[in-house]
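Secondary and tertiary structure notes
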Amino acid sequence: MQLFLDTANIQEIRDGARLGVISGVTTNPSLASAEGIGSTESYKAAVREISLIVDGPISVEVVSLDAQGMIAEGRDIAGWIPNPWVKIPSTIEGFEAISVLSSEGIKVNQTLCFSVNQALLGAQAGSTAVSPFIGRLDDIGLQGIDLIADIVSVYRQHDIKTKVLAASIRHTLHCTLAAQAGAHIATIPYKILVQMAQHPLTDSGVARFKADWEKTANS
Ligand code: G3P
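Definitions and cut-offs
- Residues numbered from 1 in each chain as written.
- Predicted model: local features only at pLDDT ≥ 70, side-chain atom pairs only at ≥ 80, totals over all residues.
- Heavy atoms only, no water.
- Helix = DSSP H or I, 4+ residues; strand = E, 2+ residues; numbered from the N terminus.
- Buried < 20%, exposed > 50% of the residue type's maximum accessible area, 1.4 Å probe, protein only.
- Contact = heavy atoms within 4.5 Å.
- Areas by Shrake-Rupley, 256 points an atom, 1.4 Å probe, with all protein chains shown as cover.
- Core = buried A, V, L, I, M, F, W, Y, C linked by side-chain atoms within 4.5 Å.
- Near = heavy atom within 4 Å.
- Nonpolar A, V, L, I, M, F, W, Y, C, P; charged D, E, K, R; others polar.
- Phe/Tyr/Trp six-rings, centres within 6.5 Å; stacked < 30°, edge-to-face > 60°.
- Pairing = 2+ DSSP bridges.
- Axes fitted to C-alpha atoms, helices over the stretch in contact; angles between N-to-C directions.
- Expected span 1.5 Å × (residues − 1).

Let us look at the overall build of the protein. Check the secondary structure of the protein and you find eleven helices and eight strands. Taken along the three principal axes of its C-alpha coordinates, the protein extends 75 × 40 × 30 Å. Burial statistics for the protein: of 219 residues in total, 47% are counted as buried. The long-range fraction of contacts in the protein, counting pairs at least 24 apart against all pairs at least 6 apart in sequence, stands at 56%. Counting only carbon and sulfur atoms, one obtains 54% of the accessible surface of the protein, whose full area is about 11,100 Å².

Below is the structure:
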């Protein structure tokens, strides 16, 4: 399972990229807004900077609600950077936009997916990746991870090539479960990337190795 960073924060992306474990970045209007990005021009500038740091797909979301608006935005975004994935919501208007953009060779990350049926529609429309939102399903009392497993299973059964991109990841267990469920990609906040590396037994083990080495070295 590949890991993408789910942030528009340039410093977090620099810090994450240095670890050599990040294959892409996902952004959305909320993440952009959290970084003070509030116009197409500033979103474009940030996305260009991200694209210089990470050599992989960078997801950029449209804000239009109608198909024609999404298509126009998607075509524009496609010219911003070498490897854009245009994020289009799983709506009726969105599926129309996905089919037009994908037929033009533009890669689409179908976002806000909450059902297998939406994932099936997106695959038929030509989505490169579908993003089921695990955490938001958990928020309403469902098991978000089950949706990942269900989509992976149905895609396998029908030999569908659309990638399953686990999104709305809230904690490290989501990462482990998404990998076990067969997600191709998980997009994670930087804080969770750091937590994935941490284990108290690793910390105490490193400290003990160092102490033992120094005891002998100094005797
Ligand atoms: O990739 C989508 C993700 O950013 C949504 O996460 O935590 O807002 O549900 P969250």
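Let us look at the nonpolar core. Among soluble globular proteins, nonpolar side chains are generally buried collectively. Of all hydrophobic cores here, the largest spans 54 residues; its most connected members are Ile88, Ile148, Ile151, Tyr155, Ala166, Ile169 and Ile188. A per-element tally of this core places helix H8 (residues 144-157) first, with six residues. In terms of nonpolar packing, the next biggest core, distinct from the first, is built from five residues, Phe4, Trp85, Leu165 and Ile185 among them.

This part is about the site of the ligand. Close contacts around the ligand come from Asp6, Asn28, Lys87, Phe133, Arg136, Ala167, Ser168, Arg170 and Thr187, and that covers them all. Along the lines of polarity and charge, the residues of the shell around the ligand split into two nonpolar, three polar and four charged.

Another aspect to go through is unusual backbone geometry. What is expected of a backbone is that most residues other than glycine have negative phi and most peptide bonds are trans. Within the chain, Leu112 stands out as a residue other than glycine whose phi angle is a positive 55 degrees. Structurally, the position occupied by Leu112 is in strand S5 (residues 108-113). For Ser168, which is not a glycine, the phi torsion comes out positive at approximately 55 degrees. For Ser168, the position within the fold is in the loop between strand S7 (163-166) and helix H9 (172-181). Classification of Ser168 by relative accessible area gives buried; the value is 11%.

Turning our attention to the packing of aromatic side chains. Taken as a whole and judged by the stated rule, the model has three aromatic pairs. Residues Tyr43 and Trp80 carry aromatic rings whose centres are separated by 6.0 Å and whose planes lie at 75 degrees to one another, so their mutual orientation is edge-to-face. Note that Tyr43 is positioned in helix H3 (residues 40-53) and Trp80 in the loop between helix H4 (67-78) and strand S4 (84-89), a separation of 37 residues in sequence.

Next up on the list: the environment of Val164. Among the structural elements, Val164 can be located in strand S7. Since its relative accessible area comes to 0%, Val164 is described here as buried.

Right, let's talk about the sheet that holds S4 for a bit. Here we have eight strands rolled up into a closed barrel, ordered S1-S2-S3-S4-S5-S6-S7-S8, and parallel in their pairing. The average angle at which neighbouring strand axes cross in this sheet is 30 degrees, direction not considered. Both S5 and strand S6 (residues 129-132) contribute to a ladder of three bridges, which runs parallel. Directly across from Gln110, in S6, lies its bridge partner Val130.

On to H8, then. Between its terminal C-alpha atoms H8 stretches 21 Å, which fits the 20 Å expected from 14 residues at 1.5 Å a residue. Residues of H8 that are buried: Gly144, Ile145, Leu147, Ile148, Ile151, Val152, Val154 and Tyr155. Turning to H8, the residues buried within the fold contact S5, helix H6 (116-125), S6, helix H7 (134-139), S7 and H9. Backbone geometry just after H8 places Asp159 at a positive phi near 50 degrees.

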